[in-house]
Amino acid sequence: MAGDTLARIGTVSLNPAFDLTIPLERLEPGEVNRAAATELRPAGKGINVSVMLSILGEPSVATGLLGAEDVAAFEAFLRPMGVICRFEPVPGRCRINVKVVETAGGRVTDINSPGTAATADAIPALQQRLLTAPELMVVSGSLPPGLPLGEWSGLMQHLAAGGRRIIVDTSGPAFGAALPAKPFLVKPNRSELAAVLGRPLVGREALLQAALELQQQGVRQVVVSDGAEGALFLLGDARLWVRPPPVPLTTTVGAGDAMVAGLAAALARGHDAEAAARLATGCAAAAVSRPASALPAAAEITRLAAAAHIERL
Ligand SMILES: O=P(O)(O)OC[C@H]1O[C@](O)(CO)[C@@H](O)[C@@H]1O
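Quick look at the structure, then. Since we're looking at a predicted model, the values are computed, not measured.

1. With respect to the overall build of the protein
At step 1: The number of helices and strands found in the protein is 10 helices and 14 strands.
At step 2: The C-alpha extent of the protein, read off along each of the three principal axes, is 50 × 45 × 40 Å.
At step 3: Classification of the 313 residues of the protein by burial places 54% in the buried group.
At step 4: Considering only contacts in the protein between residues 6 or more positions apart, those separated by 24 or more positions represent 67%.
At step 5: Of the roughly 13,000 Å² of accessible surface on the protein, 56% is carried by carbon and sulfur atoms.
At step 6: Counting 27 positive and 28 negative side-chain charges, the protein places the averaged centre of each group 3 Å from the other.

2. So, the nonpolar core
At step 1: Leu-78, Phe-87, Ile-167, Phe-233, Leu-240, Met-259 and Ile-301 are the most contacted members of the largest nonpolar core, which has 55 residues in total.
At step 2: When residues no more than four places from it in sequence are discounted, the contact partners of Met-259 are Lys-187, Val-223, Ser-225, Ala-231, Phe-233, Ala-280, Thr-281, Cys-283 and Ala-284.
At step 3: Core analysis: the second largest hydrophobic core is formed by 44 residues, Ala-122, Phe-175, Leu-207 and Leu-232 among them.

3. Some remarks on the site of the ligand
At step 1: In the region of the ligand, 14 residues are neighbours, and Asp-19, Arg-95, Asn-97, Ser-142 and Asp-257 sit closest.
At step 2: Here Asn-48 contributes a side-chain N or O atom positioned 3.0 Å from an oxygen atom of the ligand.
At step 3: When the free accessible area of the ligand is taken as 390 Å², the share hidden by the protein chains comes to 89%.
At step 4: Where the shell around the ligand is concerned, the elements lending two or more residues are helix 1 (45–55) and strand 6 (95–102).
At step 5: Per-element accounting of the shell around the ligand gives the leading share, three residues, to strand 6.

4. As for the pairing of strand 2 (residues 17–24)
At step 1: A large share of strand 2 lies buried, amounting to six of its eight residues.
At step 2: Bridge count between strand 2 and strand 3 (residues 39–43): five bridges; the pairing is antiparallel. Paired with Leu-20 across the bridge in strand 3 is Leu-40.
At step 3: Pairing analysis gives eight bridges linking strand 2 to strand 6, with the strands arranged parallel. From the neighbouring strand, Leu-24 faces strand 6, where its bridge partner is Glu-102.

5. Considerations on the sheet that holds strand 6
At step 1: Taken in spatial order, the four strands make up an open sheet running 3-2-6-7, and their pairing is mixed. A strand with exactly one partner marks an edge of an open sheet, and here the two such strands are strand 3 and strand 7 (108–111). Here the average twist between neighbouring strands, direction ignored, is 25°.
At step 2: Relative to strand 3, helix 2 (residues 71–78) is tilted by about 90°, and along the sheet it contacts strand 2 and strand 3.

6. Some points on the environment of Thr-281
At step 1: Mapped onto the elements of the fold, Thr-281 is located in helix 9 (residues 273–288).
At step 2: Judged by relative accessible area, Thr-281 falls into the buried class, the value being 3%.
At step 3: For the pair Thr-281 and Gly-176, spaced 105 residues apart in sequence, the C-alpha to C-alpha distance is 25 Å.
At step 4: In this structure Thr-281 touches Phe-233, Val-242, Arg-243, Pro-244, Met-259 and Ala-308, once residues within four positions along its chain are discounted.
At step 5: Reaching out from Thr-281, the side chain makes a polar contact with the backbone oxygen of Ala-277 at a distance of 2.7 Å.

7. Digging into the pattern of salt bridges
Between side chains of opposite charge, pairing is possible as soon as their charged atoms come close.
At step 1: Within the structure shown, the criterion is met by 14 salt bridges.
At step 2: Between Glu-58 and Arg-269 there is a salt bridge; the shortest N-O distance is 3.0 Å. In this pair, Glu-58 is assigned in the loop between helix 1 and strand 4 (60–67) and Arg-269 in helix 8 (residues 255–269), connecting sequence segments 211 residues apart.
At step 3: Residue Asp-70 is joined to Arg-93 by a salt bridge in which the shortest nitrogen-to-oxygen separation is 2.5 Å. Of the two residues, Asp-70 sits in the loop between strand 4 and helix 2 while Arg-93 sits in the loop between strand 5 (84–90) and strand 6, which places them 23 residues apart along the sequence.
At step 4: Salt bridges sharing partners connect three or more residues here, namely Arg-8, Glu-58 and Arg-269.

8. With respect to the packing of helix 8 against helix 9
At step 1: Interhelical geometry of helix 8 versus helix 9 gives an angle of 150° and a closest axis separation of 7 Å. Taken together, helix 8 and helix 9 sit at an angle that is classed as roughly antiparallel. For helix 8 against helix 9, the interelement crossing comes out right-handed. Between helix 8 and helix 9, the residues in contact are Ala-255, Ala-258, Met-259, Gly-262, Leu-263, Ala-265, Ala-266 and Arg-269 and Ala-276, Leu-279, Ala-280, Thr-281, Cys-283, Ala-284, Ala-287 and Val-288, respectively.
At step 2: Across the contact of helix 8 with helix 9, the residue classes tally to 13 nonpolar, two polar and one charged.

9. A short note on the packing of aromatic side chains
Any two aromatic rings considered together are summarised by their centre-to-centre distance and by the angle between their planes.
At step 1: Throughout the structure, instances matching the rule amount to two aromatic pairs.
At step 2: Where Phe-74 meets Phe-87, the ring centres are 6.3 Å apart and the plane angle is 80°; that geometry is what we call edge-to-face. With Phe-74 in helix 2 and Phe-87 in strand 5, the pair connects residues that are 13 residues apart, well separated along the chain.
At step 3: Put simply, the rings of Phe-18, Phe-74 and Phe-87 touch in pairs and so form one group of aromatic residues.
At step 4: Above the plane of the ring of Phe-184 lies Arg-165, whose end atom (NZ or CZ) is 5.6 Å from the centre.
At step 5: In this structure, Arg-204 is placed above the aromatic ring of Trp-241, and the distance from its NZ or CZ to the ring centre is 4.3 Å.

Criteria and thresholds
In every chain, residue numbers begin from 1 and rise along the written sequence. This being a predicted model, a pLDDT of at least 70 is required before a residue's local features are given, and a value of 80 or more before pairs of side-chain atoms are given or counted; all residues contribute to the totals for chains, interfaces and linings. In computing side-chain values, all of the structure's heavy atoms are included and hydrogens and water are not. What counts as a helix is a DSSP run of H or I of at least four residues, what counts as a strand is a run of E of at least two, and both are numbered from the N terminus. Categorising residues by exposure relies on relative accessible area from a 1.4 Å probe, with only protein chains included: less than 20% of the type maximum marks a residue as buried, more than 50% marks it as exposed, and the intermediate range marks it as partly exposed. Contact between two residues is taken to exist if any of their heavy atoms lie within 4.5 Å; hydrogens are not considered. Methods summary: accessible areas were calculated by the Shrake-Rupley approach with a probe of 1.4 Å, and residue burial reflects only the protein chains presented. The convention is simple: Lys and Arg are positive, Asp and Glu are negative, and His and the chain ends are not counted. By convention, the point assigned to a charge is CZ for Arg, NZ for Lys, CD for Glu and CG for Asp. What makes a nonpolar core is a set of buried Ala, Val, Leu, Ile, Met, Phe, Trp, Tyr and Cys residues whose side-chain atoms join them at distances within 4.5 Å. Throughout, the term near means that a residue has one or more heavy atoms lying within 4 Å of the molecule or strand in question. What qualifies as a polar contact is a pair of N or O atoms within 3.5 Å, subject to a donor-acceptor requirement within protein and to the restriction that residues adjacent in sequence count only when both atoms come from side chains. The criterion for strand pairing is that DSSP finds at least two bridges linking the strands in question. Only the stretch in contact is used when fitting a helix axis, every axis being a line fitted to C-alpha atoms; angles between N-to-C directions are given from 0 to 180 degrees. Salt bridges are defined by distance alone: a side-chain nitrogen of Lys or Arg within 4 Å of a carboxyl oxygen of Asp or Glu. Angles below 35 degrees are treated as roughly parallel, those above 145 as roughly antiparallel, those between 65 and 115 as roughly perpendicular, and all remaining angles as oblique. It is the rotation of the near helix from the far one that decides the hand of a crossing: anticlockwise by less than a right angle makes it left-handed, clockwise makes it right-handed. Any residue outside Ala, Val, Leu, Ile, Met, Phe, Trp, Tyr, Cys, Pro, Asp, Glu, Lys and Arg is labelled polar, Gly included; the first ten of those are nonpolar and the last four are charged. Under the pairing criterion, centres of Phe, Tyr and Trp rings, with the six-membered ring standing for Trp, must be within 6.5 Å; the plane angle then separates stacked pairs below 30 degrees from edge-to-face pairs above 60, leaving the rest tilted. A ring has a charge above it when a Lys NZ or an Arg CZ is no more than 6 Å from the ring centre and no more than 35 degrees off the ring normal.

Below you can see the structure in the form of structure tokens.
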């Protein structure tokens with residue numbers, strides 16, 4: 001990634017996707033459903049973070065594994081936004097994830113596919129690319145088939161070496177296996193945090209204790225998103241609960257990714273805890289209420305960030 005010095009932030013997507021979004025007034029399972037329009041666009045957690053960073057005026061380097069046949073389509077989507085693309089191609093095509101968004105009630109049904117298999121030489125080649133990665137790296141999303149957990153944790157250790165700050169947003173065994181590398185920040189949602197700790201987390205106090213446990217394991221900052229309730233932010237010594245202002249619901253897809261982008265931008269800019277939590281909340285709320293088939297607007301993020309309600313715990 002030499003020559004990418006303009007970007008202060010990198011994103012790593014090991015299992016990107018095309019999101020096929022199908023808006024329906026109501027999904028009728030087992031029936032013929034007819035959509036007025038559909039949208040197919042490059043996505044996946046790391047890609048979504050890079051897109052949101054561009055909206056925030058932060059160019060990023062997007063890297064990771066990507067089906068060779070779809071590299072051109074991802075680059076055509078990302079480059080005009082100022083995202084620097086450095087994907088490691090793997091044989092085949094990128095997965096397609098289906099998002100059925102019901103306009104009556106806002107329910108979203110996700111069908112996520114497994115993804116393009118990682119080949120044996122893919123991770124060493126990616127590690128080579130990551131040698132010159134920015135100091136702040138966001139690693140997001142699920143693991144592709146064929147990637148052993150050990151290789152994934154090795155990749156995390158490799159990235160962390162040299163003092164890079166890593167933000168991790170993944171789930172299941174991949175989340176647990178990332179923790180020994182002591183990421184700088186993790187952003188699970190309530191159920192992902194419960195799964196990694198192996199116990200249900202009911203109520204705010206249980207969430208706070210669980211997040212503190214991760215801090216004791218060496219994660220510096222822990223943010224737990226909790227849907228419309230907002231999010232818990234443990235940023236250094238600050239403990240905040242931040243609730244977004246009420247917004248109309250377009251889709252919940254990508255809200256967590258938007259929050260991660262806000263956190264990454266805030267870290268890169270040296271924001272204090274309150275400003276970081278506001279920016280992250282504004283990004284998530286703008287993603288949730290974005291116009292259909294459009295990206296959120298920077299001015300809307302600023303407005304929603306200012307309107308967020310902060311409670312010190
Ligand atoms: O990598 P996972 O966990 O399958 O999630 C991928 C999905 O998550 C999203 O990034 C939303 O968070 C979608 O764009 C994508 O389809």
